[in-house]
Amino acid sequence: MTRRPLTDEAAVDLLHRLVAIPSVSGHEAQAADFLAETMTGLGLDATVDEVGNAVGRTGTGDGPTVVLLSHVDTVPGDVEVRRTGDALFGRGSVDAKGPLAAMVSAAARARDFPGTLVVAGVVEEETPGSRGAMHVRRTWRQPDALIVGEPSGWQNIVVGYKGKLDLRYRVSRPATHPSNPAEKASEAAAAFWHDALAAAGPDPSHAVFDRPGVTLVSISGDLEDAVLELSYRTPPGFDEEALRTRLTAALRGGDLDTLNSVSAVRSPRRDPVVRALSAAIRRTGGAPTPVLKTATSDMNTLAEVWPVPMATYGPGDSDLDHSDHEHILLADYLRGIDVLGGALAEFAESSALTRSGSGGAAAARPAPVLTAHPGGPT
């Protein structure tokens, strides 16, 4: 059966309907089912896998495999889903249903891609475990290229993210009167935080890509038991083992557990994916800018096992991630679809992308740094 190309109106409707389905981390089933059904209707071979990821495939199969991967889950919070002028409001409209819907739309317009296109809406990216992406990296064969969908702004390409180390500290002390000079559990936890901050080294910063940053995520407890959670954001080449040695020396009889650990990632500007996206942005009328982010994404998770060309791209303003006024401009969303489609055309028309990949994330020249919005990207 001949299918009509996906129209802009249909692409906007796809996004609107996806945003209207609540999909807080751990509760993505309805949104994943909608995505799989929608991709099937658009001519992709789609299903929901055993962990809840929505996965669609298309293309001729004779050529490289390109993965377009974003996440279907959102953080909690109610943002009324509505159209106001050119803006679509709603939780996830930016992070990351806008980029995800753009990927689905671009793939639907490229069903004759000379190779295999795989579109994935993965689950639980907004949690420390990144369950969906971890399943992908355990069970999928290495593709030839990867584009991760996160809000970069339609003219920007994210070429690097800091790594992340999430830790939980627990400490207990015998019951005692508050006036007893012996150290209490709450005091031990507070002291450990100061030591953990110092362990990051001089001048830690979340605003500088090449320096570590550290956040006190939570602290709770009383005189007898206290729990503290902290998160380090680490640059490429950071000595994590030295950090752990310093923290071990500061435990005060407490225990330290690792909740999550992922390395920093950085792609060179001459990476084939970066170059294809850059060319497509220019053809769409924009000025491509490679940027670095001080947060992390599923690009970090997959770069640890897939040494292939990769970058992160997606329409939307990342300053609106997780905010009470999260919204995406529909003109930018449609430009994002055009850019992704243009990048796929670059792959199809050139020999820059070959099977088995042509290099992966590596050191690169300086690029602008975008800091995470408060409460923003994982």
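Located above this text is the structure these notes cover.
Turning our attention to the sheet that holds strand β10 (residues 213–221). Whenever strands of a sheet pair, they do so through backbone hydrogen bonds, lying parallel or antiparallel. Reading across from one edge, β10-β11-β9-β12 is the order of the four strands in this open sheet, with antiparallel pairing throughout. Here the strands that pair on one side only, and so sit at the sheet edges, are β10 and β12 (255–262). Neighbour to neighbour, the strand axes of the sheet diverge by 15° on average, direction disregarded. Note that β10 and strand β11 (residues 225–234) share eight bridges and pair antiparallel. When the sheet's bridge partners are listed, glycine 221 is paired in β11 with alanine 226. In the packing of helix α5 (residues 185–199) onto the sheet, contacts are made with β9 (163–172), β10, β11 and β12, and the angle to β11 comes to roughly 10°.

Right, let's get into the pattern of salt bridges. This model, assessed by the stated rule, comprises 14 salt bridges. For glutamate 183, the salt bridge goes to arginine 173, with nearest N and O atoms at 2.9 Å. Of this pair, glutamate 183 sits in the loop between β9 and α5 while arginine 173 sits in the loop between β9 and α5; the two residues are 10 residues apart in sequence, bridging distant segments of the chain. Among the residues examined, glutamate 183 registers a relative accessible area of 33% and is labelled partly exposed. Here arginine 252 and glutamate 183 are joined by a salt bridge, their closest N and O atoms 3.7 Å apart. With a gap of 69 residues between them, arginine 252 in the loop between α6 (240–248) and β12 and glutamate 183 in the loop between β9 and α5 connect regions that are remote in the sequence.

Rules and cut-offs
- Residues numbered from 1 in each chain as written.
- Predicted model: local features only at pLDDT ≥ 70, side-chain atom pairs only at ≥ 80, totals over all residues.
- Heavy atoms only, no water.
- Pairing = 2+ DSSP bridges.
- Helix = DSSP H or I, 4+ residues; strand = E, 2+ residues; numbered from the N terminus.
- Axes fitted to C-alpha atoms, helices over the stretch in contact; angles between N-to-C directions.
- Contact = heavy atoms within 4.5 Å.
- Salt bridge = Lys/Arg side-chain N within 4 Å of Asp/Glu carboxyl O.
- Buried < 20%, exposed > 50% of the residue type's maximum accessible area, 1.4 Å probe, protein only.

In short, the description is geometric, and any link to function would need to be established separately.
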